[in-house]
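Coordinate inspection notes
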Amino acid sequence: MVPAFFSKAMILFNCDYSEGAHADILRRMAETNMEQTAGYGEDPYCDQARKLIAGLCGRTDLDIHFLIGGTQTNFTVIAAALRPHQCVLCADTGHINVHESGAVEACGHKVSAIPSPDGKLTARQIEEAWHAHWDDETREHMPQPRMVYISQPTELGTIYSRKELQEISGVCRRRGLYLYMDGARLGYGLCDEDNDLDDGEEDLDLPAISSLCDAFYIGGTKVGALFGEALVLRHEALKEDFRYIAKQKGGRLAKGRLLGIQFLELFRDGLYFRLGAH
């Protein structure tokens, strides 16, 4: 809720959804408004946007899905990845732990929160959590860690460095844990001056993220879009039947082309990165 003292003179730095959407996106949606296309993301605009995002990630082995919001994306991915007895590890400030009304738990999975003063998990904390479970003789009575959730940037505005992500990815692969990145504000992180993942190319660190993470999403809702997130799946096990699960969890939009149009406009000529930098 907007405070009573809010006025037009005040600028909110929370994220882009304090406003509507970028004018170019609204214009393009209006231009294509009366076109008729297939629904649920099986339209030419979504196809083009998927190809464009895959190209920016520098890979051809990615599945890309457009979902309607961050919370739906988070609990859908987690529900798709975990078996009924498994849990997800995250920092205690993580969005899935404090700001999603128990959406992950409503899907039957425990969020195992790890204390973090700066919003970031460390490879050592993940390793310790893994050992705490597997070294316990009574482990079958406890939720089994199977996924690690991180946010980039974090809910406190901190940024994971290249070294930190490499270390986290390494321990996840050694211990058989999926690594999933919440990218609701990813555009801000990609363009932050302290981001050392930048390889000097226009696409910044999307290739690095797509190689280190099993799944991540590119936030649209908070970075210029009217709504929507672009989920990128690299791990083969996460790809199986994902469209079924997304439909079941309410994350798939019937008028799916509205998502494809927005991401196509965001990435067509670098608008996403300009908005992130701003």
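This text goes with the structure placed above it.
1. Some remarks on the pattern of salt bridges
The tally for this structure, following the rule as stated, stands at 15 salt bridges. For arginine 59, the salt bridge goes to aspartate 61, with nearest N and O atoms at 2.8 Å. Here glutamate 167 makes a salt bridge to lysine 163, at a shortest N to O gap of 2.5 Å. Note that glutamate 167 and lysine 163 are positioned in helix H7 (residues 162–174) at a spacing of four residues, about one turn of the helix. Accessibility expressed as a relative area gives 36% for glutamate 167, which makes it partly exposed. Linked through salt bridges whose partners overlap, the residues forming this network are Arg27, Arg28, Glu31, Glu265 and Arg268.

2. Some points on the pairing of strand S4 (residues 144–151)
The buried count for S4 comes to seven of eight residues, which makes it a mostly enclosed element. Relative to S4, strand S2 (residues 86–91) runs parallel, the two sharing four bridges. Across the sheet, cysteine 87 pairs through a bridge with proline 145, a residue of S4. Remark: the S4/H7/strand S5 (residues 178–182) crossover connection has right-handed handedness.

3. Quick word on the packing of aromatic side chains
For any pair of aromatic rings, geometry is given as the distance between the ring centres together with the angle between the planes. Evaluated as defined, the whole model comprises six aromatic pairs. Their ring planes at 40 degrees and their centres at 6.3 Å tell us that tryptophan 130 and tryptophan 134 sit as a pair that is tilted. Taken together, the positions of tryptophan 130 and tryptophan 134, both in helix H6 (residues 123–134) and four residues apart, correspond to about one turn of that helix. Ring pairs connect the aromatic residues Phe267, Tyr272 and Phe273, which therefore count as one cluster. Sitting above the plane of the tyrosine 160 ring, lysine 120 keeps its charged end 5.8 Å from the centroid. The positively charged end of arginine 175 is found above the aromatic ring belonging to tryptophan 130, 4.3 Å away from the centroid.

Conventions we followed
Residues numbered from 1 in each chain as written. Predicted model: local features only at pLDDT ≥ 70, side-chain atom pairs only at ≥ 80, totals over all residues. Heavy atoms only, no water. Salt bridge = Lys/Arg side-chain N within 4 Å of Asp/Glu carboxyl O. Helix = DSSP H or I, 4+ residues; strand = E, 2+ residues; numbered from the N terminus. Buried < 20%, exposed > 50% of the residue type's maximum accessible area, 1.4 Å probe, protein only. Pairing = 2+ DSSP bridges. Right-handed = clockwise from strand over helix to strand, strands pointing away. Phe/Tyr/Trp six-rings, centres within 6.5 Å; stacked < 30°, edge-to-face > 60°. Lys NZ or Arg CZ within 6 Å of the ring centre and 35° of its normal.

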